[in-house]
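Residue-level listing of the chains:
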Amino acid sequence: MKHIKRTATAVALAASALLVSACSSNMSPHTTQNAADGRPIVNKENWPKKIPTSGLTKGLTLPLEAYMASYEDQVAVEQAASDLQQSCMKDYGIDLTLPLAGANPPPSDNDANIERRYGITDRAEAEKYGYELPPALQEHTTQTMRDLSGVEVEVLTGHTKPEPPENPKEVKAGEPLAAPGQGTKPARAEYNGKKLKTGGCIGWSKDQLGVRETDPTFVAQLAGDSLMQSMKDDKVIQAIAAWSSCMDGKGHSGLADPYKAMDQGVTSDGKPTPESIALAVDDIDCKTQTDLVKIWSGVESVIQDKQITDNQSQLTGIKEQHGKEVAAARKQMAALTQ
């Protein structure tokens, strides 16, 4: 059960990291090419579908998805915020180009991670990649941004540039040197004769779009709970047992649930092997034979319907806030193209 809980948590929180800080990436309305190989930095063809169009989850959605922000909407808000930040910086005489948003899409559109929520579900992909993600989703587009001077950091963030650590060796690779409030001080009052904005240009951009700092994981946590609850349901227990028996009959013994198959099938180097592909195909065939995905999602949908009823007010507020932010973002983007 410990493994299942880790998986459920990962499923529930997988997409909560999609919207990174607006100061770290941005999607420009014009086409920008990757200078390294000529590919577009932002390729919407690689973005996840809002609703799966193939496999056992084709056309499948869960009730809580209505309250989850889509990847496209998150990118829109991020892009609009970044555009505003660049405009704000220019007002202080600072030219700053932020990286593009949407360059490294996740495999799923939202926190439900429906395509792999019940294990792998697309046989065509399994035949090619086994349990691995398609190559386009394994690639990472790295974008560089020039190092900002101390005053530029102040104008952008509303606080001073973090001081380097006394012992750089203690900082792990990829970790920021400091976060606001950790080794930083409030920014100066003005620059180039203009008063700095509260929270810097980043804070100002959020205010312009009506972005509110709300709990980003509430809906994801509900989704994690619903998955855990569903696995205690007799229908799901029986369906998983039937799947496990089917897998045993195909020579894959000891697989208690589809997550165990994923653990066994994922390769250390991210490259599928004939064995992992065979396991993946049998996995999906057994899901088809036992109707596992339909049974499991049906049970979970009932659980989520009750969650929605029990948390209707908070969920409605989250959905309305998402809507306001996205509408403001798209209005801002449209203004730039006129």
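As a reminder, the structure under discussion sits directly above these lines.
Topic: the state of the cysteines
Here's step 1: For the coordinates displayed, the defined rule picks out two disulfides.
Here's step 2: The disulfide bridge from Cys88 ends at Cys201, spanning 2.0 Å between sulfur atoms. What sets the handedness of the Cys88 and Cys201 disulfide is the S-S torsion sign, and at about -70° it is left-handed. Residue Cys88 is located in helix α2 (residues 71–91), and its partner Cys201 is located in helix α6 (residues 200–209); the two are separated by 113 residues in the primary sequence.
Here's step 3: You can call Cys88 buried: its relative accessible area is 0%.
Here's step 4: A relative accessible area of 1% places Cys201 in the buried class.
Here's step 5: With a sulfur-sulfur separation of 2.1 Å, Cys246 is cross-linked through a disulfide to Cys286.

Some remarks on the pattern of salt bridges
Here's step 1: The tally for this structure, following the rule as stated, stands at 11 salt bridges.
Here's step 2: For Arg117, the salt bridge is made with Glu300, and the minimal N-O distance between the two is 2.6 Å. Note that Arg117 is positioned in the loop between α2 and α3 (123–129) and Glu300 in helix α11 (residues 292–310), a separation of 183 residues in sequence. Side by side, Arg117 and Glu300 carry an identical accessibility label, which is buried.
Here's step 3: Ionic pairing is found between Lys306 and Asp310, a salt bridge with its closest N-O pair at 2.8 Å. Here Lys306 and its partner Asp310 are both found in helix α11, four residues apart, which amounts to about one turn of the helix. Just as Lys306 is exposed, Asp310 falls in that class too.

Cut-offs and rules
- Residues numbered from 1 in each chain as written.
- Predicted model: local features only at pLDDT ≥ 70, side-chain atom pairs only at ≥ 80, totals over all residues.
- Heavy atoms only, no water.
- Disulfide = S-S within 2.5 Å.
- Helix = DSSP H or I, 4+ residues; strand = E, 2+ residues; numbered from the N terminus.
- Buried < 20%, exposed > 50% of the residue type's maximum accessible area, 1.4 Å probe, protein only.
- Salt bridge = Lys/Arg side-chain N within 4 Å of Asp/Glu carboxyl O.

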